[in-house]
Amino acid sequence: MAFDQYDPIFYDLVTPRSVDGDMEWYRGLSQQQGSPILELGAGTGRIVIPLAEQGFEVHAIEQDPRMYTALEDHISRLEEAVRRRIKPITADMRSFELEDRFRLIQIPYRAFLHNLAREDQLACLLCCRRHLQAEGI
């Protein structure tokens, strides 16, 4: 996966809080499934932060060092109760290993498209499956 495609400052400036209603869709899924939630390709926290503000526990995987730094910066400006609900993680979406299992695993916007090869796509999806709770989606 390439890490030179996104500048976090530019990303935050041009990406709306909700892209074609996706924020509302993820909020609905979160309300249906509950915590904990795992988000892959969390970027600067566009989806993660509003979900945590609504009370959900969200683990946020981001591999790009600049996006991860921006995510941590955004989290640091939140009130403490919200910060505690977000667990930023530096990891590759194709090979992460976490102790937790999740009720919901999501890959918003276009993050899954960073998996260019079919093998990468399958590795990511299999990794997600290993981290789902029995009733998880």
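Residues numbered from 1 in each chain as written. Predicted model: local features only at pLDDT ≥ 70, side-chain atom pairs only at ≥ 80, totals over all residues. Heavy atoms only, no water.

Novice: Help me out: how do you make sense of the pairing of strand 2 (residues 58-61) in this one?
Specialist: Each regular strand carries side chains that alternate between the two faces of the sheet. Going residue by residue along strand 2, you find Val58 and Ala60 tucked away on one face and His59 and Ile61 tucked away on the opposite face as well. Relative to strand 2, strand 1 (residues 37-40) is paired through four bridges, and the arrangement is parallel. The residue bridging Ile37 from the neighbouring strand is Val58, located in strand 2. You can see the chain leave strand 1, run along helix 3 (residues 48-53) and come back into strand 2, and the turn it takes is right-handed. Bridge count between strand 2 and strand 3 (residues 86-89): four bridges; the pairing is parallel. Residue pairing for strand 3: Val58 is matched across the bridge by Ile86. (Buried < 20%, exposed > 50% of the residue type's maximum accessible area, 1.4 Å probe, protein only. Helix = DSSP H or I, 4+ residues; strand = E, 2+ residues; numbered from the N terminus. Pairing = 2+ DSSP bridges. Right-handed = clockwise from strand over helix to strand, strands pointing away.)

Novice: What's the story with the pattern of salt bridges in this structure? I'm lost.
Specialist: Opposite charge on two side chains makes pairing possible when the charged atoms of those side chains draw close. Summed over all chains, the structure comprises seven salt bridges. When the shortest N-O distance is used, the salt bridge between Lys87 and Glu57 registers 3.5 Å. Of this pair, Lys87 sits in strand 3 while Glu57 sits in the loop between helix 3 and strand 2, placing them 30 residues apart in sequence. Judged by its relative accessible area of 34%, Lys87 is partly exposed. You can call Glu57 partly exposed: its relative accessible area is 26%. Connected through salt bridges with shared partners, the residues Asp92, Arg94 and Asp120 form a single ionic network. (Salt bridge = Lys/Arg side-chain N within 4 Å of Asp/Glu carboxyl O.)

Novice: Could you clarify how one ought to interpret the sheet that holds strand 2 in this entry?
Specialist: Read from one edge to the other, the open sheet built from four strands follows the order 3-2-1-4, with strand pairing classed as parallel. Looking at strand neighbours, the two that pair on one side only are strand 3 and strand 4 (104-106), the edges of this open sheet. Taken over all neighbouring pairs, the strand axes of this sheet differ in orientation by 15 degrees on average, direction set aside. (Axes fitted to C-alpha atoms, helices over the stretch in contact; angles between N-to-C directions.)

Novice: I keep staring at helix 2 (residues 22-33) and nothing clicks. Help me out?
Specialist: Owing to its 3.6 residues per turn, the α-helix brings residues three or four apart onto one side. For helix 2, which comprises 12 residues, the first-to-last C-alpha distance of 16 Å matches the rise-based estimate of 16 Å (1.5 Å per residue) to within 8%. In this fold, the buried residues of helix 2 make contact with strand 1, helix 3 and strand 4. Of the residues one or two after helix 2, Gly34 is the one with positive phi, at around 80 degrees. (Expected span 1.5 Å × (residues − 1). Contact = heavy atoms within 4.5 Å.)

Novice: I would appreciate a short explanation of the state of the cysteines in the present structure.
Specialist: Two cysteines, two sulfur atoms, one covalent bond between them: this is a disulfide. Applying the stated criterion across every chain, the model contains zero disulfides. Unpaired in this structure, Cys124 has its nearest cysteine sulfur neighbour in Cys128, at a distance of 4.4 Å. Exposure remark for Cys124: the relative accessible area of 0% places this residue in the buried category. (Disulfide = S-S within 2.5 Å.)

Novice: For this particular structure, what's the right way to read the nonpolar core?
Specialist: Considering soluble globular proteins, one finds that nonpolar side chains tend to be buried as a cluster. With 19 residues, the main nonpolar core has Ile37, Val48, Leu51, Val58 and Ile86 as its most contacted residues. Only helix 2, helix 3, strand 2 and helix 4 (65-76) provide two or more residues apiece to this core. Residue contributions to this core peak at four residues, all from helix 3. Not counting residues within four places of it along the chain, the set of residues in contact with Ile37 comprises Ser30, Leu51, Phe56, Glu57, Val58, His59, Phe102, Leu104 and Gln106. (Core = buried A, V, L, I, M, F, W, Y, C linked by side-chain atoms within 4.5 Å.)

Novice: I'm lost on the packing of aromatic side chains in this one. Help?
Specialist: Geometrically, a pair of aromatic rings is defined through the distance of the ring centres and the angle of the planes. Counted under the stated rule, the structure contains one aromatic pair. Here the aromatic rings of Trp25 and Tyr26 are separated by 5.1 Å at their centres, their planes lie at 75 degrees, and the arrangement is edge-to-face. For Trp25, a relative accessible area of 54% translates into the label exposed. (Phe/Tyr/Trp six-rings, centres within 6.5 Å; stacked < 30°, edge-to-face > 60°.)

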